[in-house]
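As a plain string of letters, each chain reads:
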Amino acid sequence: MKLILTLFLAALLSACAGPQLRGTGDLGLVIERASGHVTLVNTSTRQPYARIAGLGDLSHASAVYSRDGRYAFIFGRDGGLTKIDLLEGRIVKRVIQAGNAIGGSISQDGRIVVAQNYTPGGIKAFDAETLELLAEVPAEYAPGQFSKVVGLADSPGNKFVYALFDGGEIWVSDFSNPRQPTTQRYPAGKQPYDGLVTPDGRYFLAGLFGEDGVAMLDLWQPEKGARKILENYGRGEEKLPVFKMPHLRGWSVAQGKAYLPAIGRHEVLVVDVATWKEVGRIPVRGQPVFVMARPDGRQVWVNFAFPDNGKMDVIDTLAGKVVHAFAPGKGILHMEFTPRGENIWLSARDDHKVLIYDTASFTRLGEIAAESPSGIFFTSRAARIGF
Amino acid sequence: MSLNRLLPLAALLAATAAWANEPAADRQKELVHLVRQDCGSCHGMTLQGGLGPPLLPAALRDKSAEGLAATIYYGRPGTPMPPWKRFMSEAEAQWIVDKLMSEFPQ
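In this text, all values refer to a predicted model and were calculated from it rather than measured experimentally.

Draft legend 1. Representation of the sheet that holds strand 7 (residues 90–96) of chain A. Residue and element names in this part refer to chain A. The sheet built from four strands is open, its strands ordered 4-5-6-7 with antiparallel pairing. At either margin of the open sheet sits one strand with a lone partner, and together these are strand 4 (62–65) and strand 7. The sheet shows a mean angle of 20° between the axes of neighbouring strands, taken without regard to direction. Bridging between strand 6 (residues 80–85) and strand 7 involves six bridges; their strand directions are antiparallel.

Given below as structure tokens:
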């Protein structure tokens, strides 16, 4: 073990005698969806430093981090849950936990990793150390009827909040006793497609596909139930077709406002998070998929569903409009800001590259080769609620 | 004309008809990429299903090929399935269904 670590660090930090200690704050990973690989990257050198194979079907894969930022937990489409050591550049443990999975989350105390599954519909909790199964909560919203689960996010108190696509509800499962979770249910609306917890951990929002609106649950006062915000934002107009479901996460909140993708409209909806009233709409060049704020909240970057997935729009939150529109590559699937936002990394699936941009000047700083790259996840997520 | 002499002719006609409906090789590649990558964002890159149902032969076996082609071409209102007619012809939708029901290319 020590020998491997020594060799690895020697390779990483160039020729130096003896083992070098290292933090992980500037490390991360890129999912290579088609070939079951992840590439480990360094955001200071802007270079890859290791590549790991054998992770199965990684389409729509996502990752969360242990609180020390050393281990990544990767949730694959085929139900695989893989724990990776970023320092040793290897798989620590891998289990197949479901038939068809869609992501996961890690508890406030870092001890419980939860996967959300389509088949069988529900969530499963694992010991973060050993990946031993602790408990499961089947999403049986009516007798014998199980829902696909979306939008899973951690919230304070070792709770996990998620939405039921088929069941139209928001569920809150409390894992204070990890082997015996308790669950509360709240009606939400038609076909929730994804969800987010605000960065302070107080509100859970579920975007609705089956109706114009967003369901909002105040986790400080859940007994009040979920209520609709942005109701009827489409105002009965005919929807444009949606060729890919948008994604929601706490990154949408910037400067006291939430920037949310409209469904079937080429707009970003802006909501005041104090009043939950709509305060603006920003026209963009396609169906938004990721609407992501730079960590300082000054900019919001937007990518789009097919067939506009080669474009990106950058909103200046002070001006309230798109200030930079460009087409960085083919099949821009995901983006991730460096921890303080001076750079953004974009995955260009069909160019087989990850592109690195300066967010102030919009100049390209470099690129990394990767096979059909999709998700990019940096260790700075380890310390954020809802990631 | 005996049946023996008719059969090869019928086979030839069927083969010609199939060939006429078959998209050109380059276009087939584009359609396969579209299905795996873009349909795959809901149905899974390996077509085993996701938010959308699985599209593997076993899952489609009992369905009508025409109905499936219409679903691709026109979408299915009330569900997230959008119409793809801006991006392909009806014959191409039918070709995709044929491939899905047998074995979809990589």
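Draft legend 2. Quick peek at the sheet that holds strand 25 (residues 278–283) of chain A. Residue and element names in this part refer to chain A. On the basis of which strands lie adjacent, the open sheet formed by four strands has the order 22-23-24-25 and antiparallel pairing. Bordering the open sheet on either side are strand 22 (253–254) and strand 25, each of which pairs with just one other strand. With five bridges joining them, strand 23 (residues 257–261) and strand 24 (residues 267–272) adopt antiparallel strand pairing. Each bridged residue has a counterpart across the sheet, and for Lys-257 the counterpart in strand 24 is Asp-272.

Draft legend 3. Main features of the interface of chain B and chain A. Taken together, the contact pairs 23 residues of chain B with 22 residues of chain A. Between chain B and chain A the total buried area reaches about 1900 Å² when both faces are included, carbon and sulfur atoms providing 59% of it. Taking the shortest distance from any N to any O, the salt bridge between A:Arg349 and B:Asp38 comes out at 3.8 Å. At the junction of chain B with chain A, the criterion picks out five residue pairs in polar contact (both at pLDDT 80 or more). Its residues placed into classes, the side of chain B that touches chain A shows nine nonpolar, twelve polar and two charged.

Draft legend 4. Main features of the packing of aromatic side chains. All names here are of chain A. Applying the stated criterion to the full structure yields 17 aromatic pairs over all chains. Site record: aromatic cluster; members linked through ring pairs are Trp-301, Phe-326, Phe-337, Tyr-357 and Phe-362. Above the plane of the ring of Tyr-71 lies Lys-83, whose end atom (NZ or CZ) is 4.7 Å from the centre. Positioned over the ring face of Phe-209 is Lys-239, at 5.9 Å from the centre of the ring.

Draft legend 5. Examining helix 5 (residues 90–101) of chain B more closely. Residue and element names in this part refer to chain B. The end-to-end C-alpha separation of helix 5 is 17 Å, in line with the 16 Å expected for twelve residues at 1.5 Å each. All of the buried residues along helix 5 are Glu-92, Ala-93, Trp-95, Ile-96, Val-97 and Leu-100. Residues of helix 5 that are buried make contact with helix 2 (25–43), helix 3 (57–60) and helix 4 (65–74).

Draft legend 6. Spatial organisation of the confidence of the model for chain B. With 81% of its residues at a pLDDT of 70 or more, chain B shows a mean pLDDT of 86. Low pLDDT (under 50) marks residues 12–18 of chain B, which in the prediction has zero contacts with non-local residues, meaning those over four places away or in another chain.

Draft legend 7. Examining the side chain of A:Ser155 more closely. Residues and elements named next belong to chain A. Tracing the chain through its elements places Ser-155 in strand 14 (residues 149–155). Classification of Ser-155 as buried rests on a relative accessible area of 4%. In this structure Ser-155 touches Val-161, Gly-201 and Leu-219, once residues within four positions along its chain are discounted.

Draft legend 8. Quick look at the environment of A:Ala135. Residue and element names in this part refer to chain A. Here Ala-135 shows up in strand 11 (residues 133–138). Judged by relative accessible area, Ala-135 falls into the buried class, the value being 8%. Residues Ala-135 and Val-95 lie 40 residues apart in sequence; the distance between their C-alpha atoms is 15 Å. If near-sequence neighbours (up to four positions away) are discounted, Ala-135 is found in contact with Lys-124, Ala-125, Phe-175, Pro-178, Arg-179 and Pro-181.

The rules behind each value
- Residues numbered from 1 in each chain as written.
- Chains lettered and ligands numbered in written order.
- Predicted model: local features only at pLDDT ≥ 70, side-chain atom pairs only at ≥ 80, totals over all residues.
- Heavy atoms only, no water.
- Pairing = 2+ DSSP bridges.
- Helix = DSSP H or I, 4+ residues; strand = E, 2+ residues; numbered from the N terminus.
- Axes fitted to C-alpha atoms, helices over the stretch in contact; angles between N-to-C directions.
- Contact = heavy atoms within 4.5 Å.
- Buried area = accessible area lost by both parts, 1.4 Å probe.
- Salt bridge = Lys/Arg side-chain N within 4 Å of Asp/Glu carboxyl O.
- Polar contact = N/O pair within 3.5 Å; in protein donor to acceptor, adjacent residues only side chain to side chain.
- Nonpolar A, V, L, I, M, F, W, Y, C, P; charged D, E, K, R; others polar.
- Phe/Tyr/Trp six-rings, centres within 6.5 Å; stacked < 30°, edge-to-face > 60°.
- Lys NZ or Arg CZ within 6 Å of the ring centre and 35° of its normal.
- Expected span 1.5 Å × (residues − 1).
- Buried < 20%, exposed > 50% of the residue type's maximum accessible area, 1.4 Å probe, protein only.
- pLDDT = per-residue confidence, 0-100.

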